[in-house]
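Coordinate analysis (summary)
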Protein chains: 2
Amino acid sequence: MASKSDLIYRVDCPSRAILDQIADKWSVLVLAVLKEPRRFNEIKRRLEGITQRVLTQTLRRLERNGMVARRVLPGPPLGVEYSLTPLGRSLERPFGAIYDWTIENMGVIQAAQRRYDRAEDA
Amino acid sequence: MASKSDLIYRVDCPSRAILDQIADKWSVLVLAVLKEPRRFNEIKRRLEGITQRVLTQTLRRLERNGMVARRVLPGPPLGVEYSLTPLGRSLERPFGAIYDWTIENMGVIQAAQRRYDRAEDA
DNA sequence: CGGGATCCAGGATGATACTG
DNA sequence: CAGTATCATCCTGGATCCCG
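Residues numbered from 1 in each chain as written. Chains lettered and ligands numbered in written order. Predicted model: local features only at pLDDT ≥ 70, side-chain atom pairs only at ≥ 80, totals over all residues. Heavy atoms only, no water.

1. Details of the protein's contact with DNA strand D
Basically, it comes down to this: Distances are taken per atom, and a residue is near a molecule or strand as soon as one of its heavy atoms is within 4 Å of it. Polar contact is defined as a pair of N or O atoms within 3.5 Å, subject to the rule that within protein one atom must be able to donate a hydrogen and the other to accept it, and that residues adjacent in sequence are counted only when both atoms are side-chain atoms. Numbering of helices and strands runs from the N terminus, with a helix taken as a DSSP run of H or I at least four residues long and a strand as a DSSP run of E at least two residues long. Throughout this entry, Asp, Glu, Lys and Arg are counted as charged residues, while Ala, Val, Leu, Ile, Met, Phe, Trp, Tyr, Cys and Pro are counted as nonpolar. The remaining residues, Gly among them, count as polar.
As a structural note, the neighbourhood of DNA strand D is formed by 18 residues, with Arg39, Asn41, Arg70 and Tyr82 of chain A together with Leu78 of chain B the closest of them. Here DNA strand D approaches the protein such that, of its atoms within 4 Å, sugar and phosphate make up 67%. Residue Arg39 of chain A places a side-chain N or O atom 3.0 Å away from a phosphate oxygen belonging to DNA strand D. Separating a phosphate oxygen of DNA strand D from a side-chain N or O atom of Tyr82 of chain A is a distance of 2.4 Å. At the level of elements, α3 (40-46), α4 (52-64) and β3 (80-84) of chain A together with α4 (52-64) of chain B are the ones that each hand at least two residues to the surface near DNA strand D. Looking at the surface near DNA strand D, its residues break down into six nonpolar, seven polar and five charged.

2. Notes on α4 of chain A
Residues and elements named next belong to chain A. Rule in force here: Between the first and last residue of a helix there are one fewer steps than residues, each counted as 1.5 Å, and that sum is the expected span. For every residue, the accessible area obtained with a 1.4 Å probe (protein chains only) is divided by the maximum for its type, and the residue is called buried under 20%, exposed over 50%, and partly exposed between those limits. Arc definition: it is the arc formed by the directions from the helix axis to the C-beta atoms. Residue contacts are defined here by distance: any two heavy atoms, one from each residue, within 4.5 Å place the two residues in contact.
Under the 1.5 Å per step criterion, the end-to-end length of α4 is 18 Å for 13 residues, consistent within 8% with the ideal 18 Å. Taken together, the buried positions of α4 are Leu55, Thr58, Leu59 and Leu62. End-on, the buried residues of α4 take up no more than an arc of 95°, which puts them together on one face. Buried-residue contacts for α4 involve α2 (25-33), α3, β2 (68-72) and β3. Backbone geometry just after α4 places Gly66 at a positive phi near 80°.

3. Section: the protein's contact with DNA strand C
Not every one of the 16 residues close to DNA strand C is listed here, only the nearest: Arg53 and Leu78 of chain A together with Arg53, Arg70 and Tyr82 of chain B. Within 4 Å of the protein, the atoms of DNA strand C are drawn from sugar and phosphate moieties in a proportion of 62%. One nitrogen or oxygen atom from the side chain of Thr51 of chain A is found 3.3 Å from a phosphate oxygen belonging to DNA strand C. At a separation of 2.8 Å, a base oxygen of DNA strand C approaches a polar side-chain atom of Arg53 of chain B. Those elements giving two or more residues to the surface near DNA strand C turn out to be α4 of chain A together with α3 (40-46), α4 and β3 (80-84) of chain B. For the surface near DNA strand C, the leading source of residues is α4 of chain B, giving four residues. Of the residues assigned to the surface near DNA strand C, the class counts are five nonpolar, six polar and five charged.

And the structure:
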């Protein structure tokens, strides 16, 4: 009875690789910040807690995936502006839904965590 | 000019902690599998590539966050069934949107990646 | 069947220093 | 300003063995 079709989410499905790329917290937040085009340090300042290294990596990954465009501003002084591509903009809605869900359900989740942790102690 | 409000996504906002909890690929896939209640090894079989350790951790985390319910089946033989709570079910829509987006845009993304990688070589 | 405990290696991360 | 390079560290995940 255990046929091949039991395996719904196969490892070799490209969607799995893509999920790996986008399903992380910083991508959600970076995409949110880039609703308007911004420069590197602008993004960094708005995402309290991110390090320059991780921000660079995240932006590179998003750029490679075609979700973010990188544009060097005619200088000096040096400047680089990041913005959403059409593909990146198409992610705004689903990612926004996640973020909104998070905000809406913060209270419920924190209550659940307290309940769980209390039960653990016993 | 650089006021405190520039900092949209503060580290101390609980939503950031919650995003940490849910924004990973396995949560998306586990929640998808649990559209119907399933037992541990059923889930594991359907999520090709996940190890038992990681699946356990993911389920525990989802349980702690109040998104998944764990129920020990009257045995023997032993059995444990996992199912979505109402909170978990409320995540189906936004997570499903992410998954659908992934499927729809696989081709575009892979093309972008090839383009990027080719440009890198040069 | 459904895990818990342990060990171990590799990748991610933070801090720091340097550069065009 | 917008990164790259390096190093020490930490944490995750894989593999394995065991138990009720």
